[in-house]
Amino acid sequence: MNQIKKSATLIISSAIQKSVNNFNYKVMLLKRNSRMRTAPNFHVYPGGKYDEAIDESLNWLDVFFFSRDLEKIKSNPKLLRKIYFNDLINNNSIGSLENKQTNNSLSIPLELSYRLCAIRETFEETGLLLAMKKHKLDTQAKLYSSYFKENINEIKDWHKIIKRDSSKFVDMFLEMNIIPDVFGLHEWANWITPAHEKIRFNTFFFMCFLHDVPSNDWLDINTDEIDSLENMIIENQ
């Protein structure tokens with residue numbers, strides 16, 4: 001049996017001002033290039049492989065929390081799920097992600113780490129960074145997501161670095177004092193590639209909603225993997 005790899009995918013729906021055929025949003029699709037091993041020339045949503053070393057790194061706690069809350073969490077790790085990420089887990093999740101924490105050890109909840117994976121892969125492929133400033137601690141689930149619209153040159157510099165070394169993703173947030181906007185990602189589905197396929201994935205799909213369609217100024221396509229990016233109306237056939 002082929003080994004099943006873990007992955008996360010993000011469906012990005014952006015509001016448009018004028019409806020087209022009764023649709024008031026566009027969905028981001030990427031066309032993978034012909035050199036890709038998996039799904040060459042296919043149109044896909046942003047996403048990719050889960051990386052435990054990055055997506056479950058405890059350094060994310062330094063990204064999200066100020067020192068006072070961090071001390072509380074370290075002394076009582078259960079607070080992560082019961083208090084700080086309780087709203088996200090209960091309101092924006094469907095329960096298909098099973099948390100592997102069985103004791104009092106400190107670990108990143110899977111409901112959070114898979115969202116981090118989706119945001120990371122989206123950034124690597126498109127340059128679009130779902131993030132917000134770290135003003136205060138606010139871990140409430142929300143309907144809409146935010147993409148970062150400041151320091152465009154700094155973000156593009158980080159994008160070049162992270163395309164070469166994904167492990168630098170958490171460093172970007174620490175350096176820029178921003179946090180990934182996991183709170184607007186809604187768990188949508190869990191699909192596993194059929195057994196007859198040579199390459200198989202266990203993929204968690206998330207949806208996010210943006211107030212507007214990101215302009216090309218905020219996009220920086222990874223041409224090593226992607227031929228084109230388009231926000232389009234997808235009508236049921």
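Above: the structure in question.
Residues numbered from 1 in each chain as written. Predicted model: local features only at pLDDT ≥ 70, side-chain atom pairs only at ≥ 80, totals over all residues. Heavy atoms only, no water.

Focus: empty space enclosed by the protein
Evaluated as defined, the whole model comprises two cavities of 30 Å³ or more. In this structure, the largest cavity spans a volume of roughly 70 Å³. Considering the residues around the largest cavity, the lining is formed by Gly127, Leu129, Phe148, Ile152, Ile155, Lys156, His159, Asp217, Trp218, Leu219 and Asp220. (1 Å grid on protein atoms, 1.4 Å probe; cavity = no way out; pocket = protein on both sides within 12 Å on 5 of 7 lines; lining within 4 Å. Points joined across faces, edges and corners; volume = space filled by probe spheres on them.)

Focus: the packing of helix α7 (residues 152–164) against helix α8 (residues 169–176)
The relative placement of two packed helices is expressed as an angle between their axes plus a distance between the axes. Between α7 and α8, the least distance of the axes is 10 Å, while the angle of their chain directions is 155°. As the angle between them shows, α7 and α8 are arranged roughly antiparallel. Like other packed secondary-structure pairs, α7 and α8 cross with a definite hand, here right-handed. On α8, the residues touching Glu154, Ile155, Trp158 and Ile162 of α7 are Phe169, Asp171, Met172, Glu175 and Met176. When grouped by side-chain class, the residues that make up the contact of α7 with α8 number six nonpolar, no polar and three charged. (Axes fitted to C-alpha atoms, helices over the stretch in contact; angles between N-to-C directions. Helix = DSSP H or I, 4+ residues; strand = E, 2+ residues; numbered from the N terminus. Parallel < 35°, antiparallel > 145°, perpendicular 65-115°, else oblique. Left-handed = near helix turned anticlockwise from the far one by under 90°. Contact = heavy atoms within 4.5 Å. Nonpolar A, V, L, I, M, F, W, Y, C, P; charged D, E, K, R; others polar.)

Re the pattern of salt bridges
The full count for this structure, using the stated rule, is eight salt bridges. With a shortest N-O distance of 2.8 Å, glutamate 52 and lysine 6 are connected by a salt bridge. Residue glutamate 52 is found in helix α1 (residues 52–55), and its partner lysine 6 is found in strand β1 (residues 4–20); the two are separated by 46 residues along the sequence. When the shortest N-O distance is used, the salt bridge between lysine 142 and aspartate 181 registers 3.0 Å. One end of the pair, lysine 142, is in the loop between β5 (131–133) and α7; the other, aspartate 181, is in the loop between β6 (178–180) and β7 (186–192), and 39 residues separate them in sequence. The class of lysine 142 is partly exposed, set by a relative accessible area of 25%. Among the residues examined, aspartate 181 registers a relative accessible area of 0% and is labelled buried. (Salt bridge = Lys/Arg side-chain N within 4 Å of Asp/Glu carboxyl O. Buried < 20%, exposed > 50% of the residue type's maximum accessible area, 1.4 Å probe, protein only.)

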